[in-house]
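Chain residues, written in single-letter form:
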Amino acid sequence: MSVLFPKVNKPREWDYRPIYYDEEKEARKDKRLARLRRGAFREEHEKNMTELRKKRQSKLLLWFILIGLLVFGLYILL
């Protein structure tokens, strides 16, 4: 401790930030919490797998149709 200049603590500064309600942020938070419920990951995985199967089937059907048209076109030309 100094005799000539004693240490005096500064008073606390007022640091107030008002909290505003953000509806979009609350909706995002609720959506994230809904995904974390039990079984949600399995349901999401099953949904993604069914969408993937549908895409594969539609691509396969498209290829069959194109090959069929190609064979039919070659049959007509020859």
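Anything mentioned here points back to the structure above.
Residues numbered from 1 in each chain as written. Predicted model: local features only at pLDDT ≥ 70, side-chain atom pairs only at ≥ 80, totals over all residues. Heavy atoms only, no water.

J.: What should I look at first to understand the overall build of the protein chain in this one?
T.: Counting its secondary structure elements, the protein chain contains two helices and zero strands. Relative to the globule expectation of 12 Å for 78 residues, the C-alpha radius of gyration of the protein chain, 34 Å, shows a markedly less compact shape. Here the C-alpha coordinates of the protein chain stretch approximately 115 × 30 × 25 Å along the principal axes. A buried classification covers 1% of the 78 residues belonging to the protein chain. Carbon and sulfur atoms make up 61% of the accessible area of the protein chain, which totals about 9200 Å². Here the protein chain carries 19 positive and 11 negative side-chain charges, and the mean point of each set is 7 Å from the other. (Helix = DSSP H or I, 4+ residues; strand = E, 2+ residues; numbered from the N terminus. Rg over C-alpha atoms; globule rule 2.2 N^0.38 Å. Buried < 20%, exposed > 50% of the residue type's maximum accessible area, 1.4 Å probe, protein only. Areas by Shrake-Rupley, 256 points an atom, 1.4 Å probe, with all protein chains shown as cover. Lys, Arg positive; Asp, Glu negative; His and termini not counted. Charge placed at Lys NZ, Arg CZ, Asp CG, Glu CD.)

J.: Any chance you could explain a nonpolar patch on the surface here in plain terms?
T.: Taken together, Leu 61, Leu 62, Trp 63, Ile 65, Leu 66, Ile 67, Leu 69 and Val 71 make up a surface patch of nonpolar side chains, about 820 Å² in accessible area. Looking at where Leu 61 falls in the secondary structure, it is placed in helix α2 (residues 40-77). The class of Leu 61 is exposed, set by a relative accessible area of 52%. (Patch = residues over 30% accessible without salt bridge, like charges linked within 9 Å, V, L, I, M, F, W, Y side chains within 5 Å. Salt bridge = Lys/Arg side-chain N within 4 Å of Asp/Glu carboxyl O.)

J.: What's the story with the pattern of salt bridges in this structure? I'm lost.
T.: Proximity of charged atoms lets side chains of opposite charge pair with each other. Scanning the model with the defined rule gives one salt bridge in all. With a closest N to O distance of 3.7 Å, Lys 47 and Glu 44 form a salt bridge. Of this pair, Lys 47 and Glu 44 both sit in helix α2, three residues apart, roughly one helical turn. Relative accessible area serves as the criterion here: at 42%, Lys 47 is assigned to the partly exposed category.

J.: Please clarify how a positive patch on the surface should be interpreted in this entry.
T.: Judged by side-chain charge, Lys 25, Arg 28, Lys 29, Lys 31, Arg 32 and Arg 35 come together as a positively charged surface patch. Tracing the backbone shows Lys 31 in helix α1 (residues 23-35).

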